[in-house]
Amino acid sequence: AWQLQPTAPPYPAHVQRDAPPSINLEMVASALAAAPSVCIRTPSGARQIRRASDRNARVARRAIPAVISAAVAPQKVIIVNTNGGGHANIGFWLAKTLAAQGHSVTLNTIGSKDDKKMQKPPFTYFNELTSAGVQTVWADPGELATKAAGAQFDVVVDNNGKDLDSVGPVAAFAKQCGAKQFLFVSSAGMYKPTPTPPHLEGDAVKESAGHAQVEAKLATMPFSFASFRPQYFTGYGNNKDCEEYFFDRLVRGRPVLVPGSGDQLSVVAHAEDVATMMAAAVGNPAANGVIFNAVTNKAVTLNGMVQLCAAAAGVEPKIVNYDPKKLPEGVEVKKAFPFRPIHFYSYPANALKLLDWQPRHDLAADLKERFEFYKASGRANKDMSFELDDKILASLR
């Protein structure tokens, strides 16, 4: 039988805050050509956040509307959620969002409840889900057919699989449980590099990529499906280093090494924005058979990411740009920097057009919240070595 997550101490009440002013992005193409130094901003309204605190962290999160569209009847949804990496936070936020919208939600985490991974966010926040009526359970994909035998669901979400072997059992379970819709969390990482960013849905992908093969297979299955391709993301519940890379160096007065000119465009979304996009597809015929770039509608340059993190930390950044093709022997750029050193920027064209969706988060404000969490975690005071940085710096002298 599936097991429920124990309840943890509750969090305090909400506070209100307005997001920073924003500007319209009708001229995305020209802005890209200009290679802006920080970020391209898009519409963002006022948002309500919850200030949450315990002895380890002070974080913030926006409250979610508790009413679903009258056009969508409440659905029974099961989310098959990964137990590691940043993607786990998508499932956490999706469960939270769907429950607040009136859907019946089961969050199935891969592995077991006593796995040491459950001692990290977002798993340590599961009390927020259970208090909202979400059932939290544990089972591997191949165990769903037996552990959930007889259960019926309208929608199955796979936020775990990366290839046919791992998604196949979940798709089979979707047929077994009578699901009418299958949502797959894919990856924007399979797009082929382009000299004309952003990546749009329909752009060329690496056909050998596991995610691409899964999307092709799901299109032949006896249920409607939609695929969501996230990129980099941040936000409450994140447990994979992104902004931490920059904070680690900034708070210690170290230079932040950025490969290339630093004008390369990327995109960093809040996990909640990815979740609200996916929630807008649940029970929505407009999503049938559609690929969605699960990202926010603004870009940030690599140097701009450093500048925003520095502003969040209240320090002046020291940026050192270097040629990633001239690294010292034994140093790989993918191990020395958390982002790809090229233009890697997707745009959520289909979600904006088909789902009546808009992102609600602002990266600069999100990074300020993440820095508060970073400070409270004690990481800023830990001893750290920066061997790869030092090797690169030595090679530049």
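Examining the pattern of salt bridges
Under the defined criterion, the tally for this structure stands at 15 salt bridges. Between Arg370 and Glu243 there is a salt bridge; the shortest N-O distance is 3.0 Å. On the criterion of sequence distance, the pair formed by Arg370 in helix 12 (residues 363-377) and Glu243 in helix 7 (residues 243-250) is long-range, its members being 127 residues apart. Judged on exposure class, the residue Arg370 and its partner Glu243 are both buried.

Concerning the sheet that holds strand 7 (residues 155-159)
With parallel pairing, seven strands are arranged side by side in an open sheet as 6-5-4-7-8-9-14. Unpaired on one side and paired on the other, strand 6 (135-138) and strand 14 (291-294) mark the two borders of the sheet. Strand-to-strand twist of the sheet, defined as the mean angle between neighbouring strand axes without regard to direction, takes the value 20°. As defined by bridge partners, strand 4 (residues 76-81) adjoins strand 7 across five bridges and the pair is classed as parallel. Within strand 7, the position partnered with Ile79 by the bridge is Val157.

Structural notes on the side chain of Asp389
Positionally, Asp389 belongs in helix 13 (residues 387-396). By relative accessible area, Asp389 is classed as buried at 2%. Excluding residues that lie within four positions of it along the chain, Asp389 makes contacts with Tyr245, Arg249, Arg254, Pro255 and Leu257.

A closer look at the confidence of the model for the protein chain
Residues of the protein chain with pLDDT of at least 70 account for 82%, and the chain-wide mean is 85. Confidence drops under pLDDT 50 across residues 1-70; counting only partners more than four residues distant or on other chains, this segment forms 183 contacts.

Description of the nonpolar core
Core analysis: the largest hydrophobic core is formed by 44 residues, its most contacted members being Ile79, Phe228, Met278 and Phe292. Top contributing element to this core by residue count: helix 2 (residues 88-100), with eight residues. The residues touching Phe228, leaving out its near neighbours within four places in the chain, are Leu183, Phe184, Val185, Ser186, Ser187, Met277, Met278, Ala281, Phe292 and Ala294. Ranked by size, the runner-up nonpolar core spans 32 residues in total, among them Ala188, Cys309, Ala310 and Ala313.

Some words on the environment of Pro285
In this structure, Pro285 sits in the loop between helix 8 (271-281) and strand 14. Overall, the relative accessible area of 61% leaves Pro285 in the exposed class.

Here we look at unusual backbone geometry
Cis geometry is found at the peptide bond from Pro121 to Pro122, where omega equals 0°. For the bond running from Pro197 to Pro198, omega is 10°, close enough to zero to count as cis. Backbone geometry at Asp356 places phi at a positive 55°, although glycine is not the residue there. Mapped onto the fold, Asp356 is located in the loop between helix 11 (349-354) and helix 12.

Section: the pairing of strand 8 (residues 181-185)
A large share of strand 8 lies buried, amounting to five of its five residues. Side chains Gln181, Leu183 and Val185 of strand 8 all project onto a buried face; the interleaved residues Phe182 and Phe184 project onto the opposite face, where all are buried too. Across four bridges, strand 7 lies against strand 8 in parallel orientation. Along strand 8, the bridge assignment pairs Val155 with Gln181. A crossover links strand 7 with its parallel partner strand 8, the connecting element being helix 5 (residues 164-176), and its sense is right-handed. Examined bridge by bridge, strand 8 and strand 9 (residues 224-230) share five bridges and lie parallel to one another. Looking at the pairing, Phe184 lines up with Ser227 of strand 9. Crossover handedness for the path strand 8 to helix 6 (residues 210-218) to strand 9: right-handed.

Thresholds, definitions, all that
- Residues numbered from 1 in each chain as written.
- Predicted model: local features only at pLDDT ≥ 70, side-chain atom pairs only at ≥ 80, totals over all residues.
- Heavy atoms only, no water.
- Salt bridge = Lys/Arg side-chain N within 4 Å of Asp/Glu carboxyl O.
- Helix = DSSP H or I, 4+ residues; strand = E, 2+ residues; numbered from the N terminus.
- Buried < 20%, exposed > 50% of the residue type's maximum accessible area, 1.4 Å probe, protein only.
- Pairing = 2+ DSSP bridges.
- Axes fitted to C-alpha atoms, helices over the stretch in contact; angles between N-to-C directions.
- Contact = heavy atoms within 4.5 Å.
- pLDDT = per-residue confidence, 0-100.
- Core = buried A, V, L, I, M, F, W, Y, C linked by side-chain atoms within 4.5 Å.
- Right-handed = clockwise from strand over helix to strand, strands pointing away.

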